[in-house]
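# Commentary on secondary and tertiary structure
Here is how the chains run, residue by residue.
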Amino acid sequence: MEKTFSKHTVAKTHYVPYATDGAKENSGGSTAIMIMGAILATIFAASTAYSGMKAGLTVAAGIPGSIIGSGMVGVFAKKKGIFGKNLLQGMSSGGESIASGMIYVLPAIIIIGGKVNFFAGIAVGALAVLFAVGVASLVENYLLVEENGKLMYPESTAISEALDASEAGGDSLKHMGIGFGIGGIITLLTTQVFGCVNSVMTFVGNSSYRWKISTEVNPMLAGIGFVVGLDVSLTMFAGSILANFGITPLIAYFTQMAGGGAHVWNDTHMLMSQMNIDMVAGSYTKYIGAGMMLCGGIIGAIKLIPVIVTSIKKTLNARNDVGEEKNSLGVVSLLVAAIAIFIVGAFLAGNIVIAIIAGILSLVLALLFVIVSARLAGTIGCSNAPVSGMTIASLVVMTLVFALMGWTANAHNEILLLFGVFIVTAISVGGAYTQTQKVNYLVGGRRSEMMKYFMIAALIGVIVVVGTTVILAPQLAIKSANPPFGLPQANLIATLTTGILSGNLPWIMIIVGIIIAIVCWMLGLSIMTVALGFYLPISTTSIILVGALLKLLIEKLTKDKALRETRLSSGVSLSSGLIAGGSIIGLIGIILHVTGVLSNRVPAGFAGSNGMAVILLIIMAATIVIPLMRIKQPARKAQKQ
């Protein structure tokens, strides 16, 4: 007998998936599913790569993939049902995850004057996919099953809600539809699409105490905040408060005192005394956050060493475990990648010593941050995971080693960045793969089947993203006041590695970040959660907190326990719709803007003021709370089929 899952069962120790083993025998993959998945992987990889390099914006594909996949299965492979839809969302995430990581580093090779080799890029990217999936597969049982109910995987929950709603209909689909409408309409009105109204309220302090706070009225982020709850959201926001009201104003205070000969470390044409608050945050505070992530990643990975050892033992003994799938593909992928990285590195570098040292560093750093990324997917999802921050931390370590070894030429920097492509791709894939397998766990799909389909989609994504980068290389190399592609992350990476190799980098900021992380650890705080808030814009963390506060409001206003549970569970469905509506419409908007179909429009007058953003925030909060508060009694579903 099949059983539908719900948000209630996610928090239970013994989770009952969507279907029994018997129901899975005739469901799942097929040639039709593979073809449709390959198409979705290609579309999401190409669009994410293009839009990400254009404006530095990417949208996770799991939720849009689940919605689009549900429609495609309904038309072309209806008999495959929810298991076919599940595989399509996994393949969508697999293709998109490549772009969401690779575009941070691969274009940096072009920025420093190098050339991206198509086949070299594919080789490095493919090895990163194999390594990330292999590492994540060793800890996924612990993260997804043993930590079920502790790690919430908000986007996985949203995706599973979308899949469930497509099958079951009823109240879940109703509230998800309401959320989708709210998220879609608000996103359409903002600068992400039509630019009718301002969605960001910003307040800046005076010259004596220079601070800045902003909040983006983003329904997708508010939905994530509702799902993750107050504890995580508040800890993240604490990191933002420290960065925006403590560290940045302090640095800005001293920059105002700098003399006429003091220049910004990464811009010799800019005097420190002329820096505005955004420049201070971008040139200095961000690197403190990178230091925090570096320390947090190492401490977090050390804590997981027993888990990794246990996972390896369970994998090796899988043949004796009844009912537990073997992980042969994951182990083989990990071993192949770990060995081949040295062979590929030697071929690309033309130097055995560089290949060995860079290969070892890449494997260790990728191992640490793939695990961290997998855990972050469980707390805040993949859309807001600090992939660039973890990449910065990794490249700081690698570039320092290169500098100490005397490998400081531009050719060495190109080799360094190729190994950086391996690391960043592995980090992005690790989080996306774990998130996808969490959906698979909630649905009740076969783990090994999802692994195979995800890997195929990711490898397709590697070919698409590298090919897109090579084709656009002449435009990516243009440097002007208004370049065709902004490449914010890649420019930062290029500046970082060049700065370290030339001896021009604010190391004190990295060290301060490490010290702050150690203090957080000593106080028992979650280093990565605090560092995440420190690194991300406060406009992002503040709206996530708003979503969590709306959930708290529902809890406090509802005295009856059963009614409270019903409203909160319906809130998860509605939040899933917010995330789906915001992400899908946002993705469409980005594509329309970067392809020139829509021009960038900035609201003027009152429509472009803080007051308009405040009104939009009130409207969004009301449209979330009112439908939930109108629920008068717990929904009662039939127990028999």
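Analysis parameters
Residues numbered from 1 in each chain as written. Predicted model: local features only at pLDDT ≥ 70, side-chain atom pairs only at ≥ 80, totals over all residues. Heavy atoms only, no water. Helix = DSSP H or I, 4+ residues; strand = E, 2+ residues; numbered from the N terminus. Buried < 20%, exposed > 50% of the residue type's maximum accessible area, 1.4 Å probe, protein only. Contact = heavy atoms within 4.5 Å. Areas by Shrake-Rupley, 256 points an atom, 1.4 Å probe, with all protein chains shown as cover. Patch = residues over 30% accessible without salt bridge, like charges linked within 9 Å, V, L, I, M, F, W, Y side chains within 5 Å. Salt bridge = Lys/Arg side-chain N within 4 Å of Asp/Glu carboxyl O. Core = buried A, V, L, I, M, F, W, Y, C linked by side-chain atoms within 4.5 Å. Axes fitted to C-alpha atoms, helices over the stretch in contact; angles between N-to-C directions. Parallel < 35°, antiparallel > 145°, perpendicular 65-115°, else oblique. Left-handed = near helix turned anticlockwise from the far one by under 90°. Nonpolar A, V, L, I, M, F, W, Y, C, P; charged D, E, K, R; others polar. Pairing = 2+ DSSP bridges. 1 Å grid on protein atoms, 1.4 Å probe; cavity = no way out; pocket = protein on both sides within 12 Å on 5 of 7 lines; lining within 4 Å. Points joined across faces, edges and corners; volume = space filled by probe spheres on them. Expected span 1.5 Å × (residues − 1). Phe/Tyr/Trp six-rings, centres within 6.5 Å; stacked < 30°, edge-to-face > 60°. Lys NZ or Arg CZ within 6 Å of the ring centre and 35° of its normal. Lys, Arg positive; Asp, Glu negative; His and termini not counted. pLDDT = per-residue confidence, 0-100.

The secondary structure content of the protein chain amounts to 24 helices and 4 strands. Split into buried and exposed, the 641 residues of the protein chain put 58% on the buried side. Sequence separation of at least 24 residues holds for 83% of the intrachain contacts in the protein chain that already meet a minimum separation of 6. When the accessible surface of the protein chain is split by element, carbon and sulfur atoms take 65% of a total near 25,200 Å².

A contiguous nonpolar surface patch, about 890 Å² in accessible area, is contributed by Ile508, Ile511, Ile515, Ile518, Val519, Trp521, Met522, Leu523 and Leu525. When you line up the elements, Leu523 lands in the loop between α20 (507–522) and α21 (527–535). Here Leu523 falls in the exposed class, since its relative accessible area comes to 62%.

So, about the nonpolar core. Nonpolar side chains in soluble globular proteins generally cluster together in the buried interior. Within the largest apolar cluster, 117 residues are counted, with the highest numbers of intra-cluster contacts made by Met398 and Phe422. With 14 residues, helix α17 (residues 410–443) is the single largest residue contributor to this core. Not counting the four nearest positions on each side in its chain, Met398 is found in contact with Ala358, Leu361, Ser362, Leu365, Leu416, Phe419 and Ile423. By size, the runner-up hydrophobic cluster in this structure holds 46 residues, among which are Phe83, Ala162, Met236 and Ile544.

A separate point is the packing of helix α7 (residues 118–146) against α17. At a minimum axis separation of 7 Å, α7 and α17 run at an interaxial angle of 40 degrees. Relative to α17, the element α7 is oriented oblique. As α7 runs across α17, the sense of the crossing is right-handed. A class-by-class count of the residues in the contact of α7 with α17 yields 18 nonpolar, 6 polar and 2 charged.

Of note in this structure, Tyr153 is not a glycine but carries a positive phi near 45 degrees. Locating Tyr153 in the fold gives a position in the loop between α7 and α8 (154–168). Owing to a relative accessible area of 0%, Tyr153 belongs among the buried residues under this scheme.

The next point concerns the pairing of strand β4 (residues 267–271). Sheet topology note: the strand β3 (residues 263–264)/β4 ladder contains 2 bridges and is antiparallel. Considered in β4, the bridge of His263 is made with Leu271. Counted between consecutive antiparallel strands, the loop separating β3 from β4 contains 2 residues.

Evaluated as defined, the whole model comprises 3 cavities of 30 Å³ or more. Of the voids in this model, the largest cavity is the one considered here, and its volume is about 60 Å³. As for the largest cavity, its lining consists of Val124, Ile341, Val344, Gly345, Leu348, Ile415, Leu418, Phe419 and Phe422. Taken together, the elements giving at least two residues each to the lining of the largest cavity come down to α14 (328–349) and α17. Among the residues making up the lining of the largest cavity, the classes are represented as 8 nonpolar, 1 polar and no charged.

Evaluation of the coordinates by the stated rule reveals 3 salt bridges. Among the ionic pairs, Asp278 bridges to Lys212, the shortest N-O distance being 3.0 Å. Taken together, the positions of Asp278 in helix α12 (residues 277–303) and Lys212 in strand β2 (residues 212–216) put the pair 66 residues apart, joining distant regions of the chain. Among the salt bridges present, the one from Arg446 reaches Glu449, with a minimum N-O distance of 3.7 Å. On the basis of relative accessible area, Arg446 is assigned to the partly exposed category, the value being 26%.

The subject of this paragraph is helix α16 (residues 387–405). With 19 residues, α16 should cover 27 Å at 1.5 Å per step; its first-to-last C-alpha distance of 27 Å lies within 8% of that length. Once α16 finishes, Gly406 follows within two positions and takes phi at roughly 85 degrees, a positive value.

Before going further, it helps to examine the side chain of Lys438. Looking at the element boundaries, Lys438 is found in helix α17. In this structure Lys438 comes out as buried when scored by relative accessible area, which is 1%. In this view, Lys438 contacts Leu144, Asn148, Tyr153 and Ser156; residues no more than four positions away in its chain are not counted.

Right, let's talk about the packing of aromatic side chains for a bit. Applying the stated criterion across every chain, the model contains 6 aromatic pairs. Judged by centre distance (5.7 Å) and plane angle (50 degrees), the ring pair of Phe131 and Phe422 falls under tilted. Pair noted here: Phe131 is in helix α7 and Phe422 is in helix α17, with a separation of 291 residues, a long-range link. Each member of the pair, Phe131 as well as Phe422, carries the same accessibility label: buried. Note on Phe402 and Trp407: the rings are 5.2 Å apart at their centroids and 80 degrees apart in plane angle, and the pair reads as edge-to-face. Across the pair, Trp407 and Phe402 agree in class, each one buried. The ring of Tyr535 carries Lys286 above its face, with NZ or CZ at 4.7 Å from the centroid.

With respect to the helices, strands and loops of the structure, Glu216 is situated in strand β2. An unpaired buried charge is present at Glu216: no salt bridge exists, and Lys212, the closest side chain of opposite charge, is 12 Å distant. Those residues in contact with Glu216 that sit more than four places away from it in its chain are Gln192, Ser199, Val200, Leu221, Ser539 and Ile543.

This part takes up the packing of helix α22 (residues 538–557) against helix α23 (residues 561–594). In contact at an axis separation of 9 Å, α22 and α23 are set at 160 degrees when each is read in the N-to-C sense. Judged by the inter-axis angle, α22 sits roughly antiparallel to α23. Between α22 and α23 the crossing geometry is right-handed. Along the contact surface, α22 presents Lys551, Ile554 and Glu555, while α23 presents Arg564, Arg567 and Leu568. Taken together, the residues of the contact of α22 with α23 break down into 2 nonpolar, no polar and 4 charged.

Next up on the list: the confidence of the model for the protein chain. When pLDDT is averaged across the protein chain, the result is 83; 87% of the residues are at 70 or more. Confidence, read as mean pLDDT per element, is least for helix α1 (residues 7–10) in the protein chain (39) and greatest for helix α24 (residues 610–629) (95). Segment residues 318–323: pLDDT under 50, and 4 contacts once partners within four positions in sequence are set aside and those in other chains are kept. A low-confidence stretch, residues 637–641 stays under pLDDT 50, and its non-local contacts, those more than four residues away or across chains, total 2 contacts.

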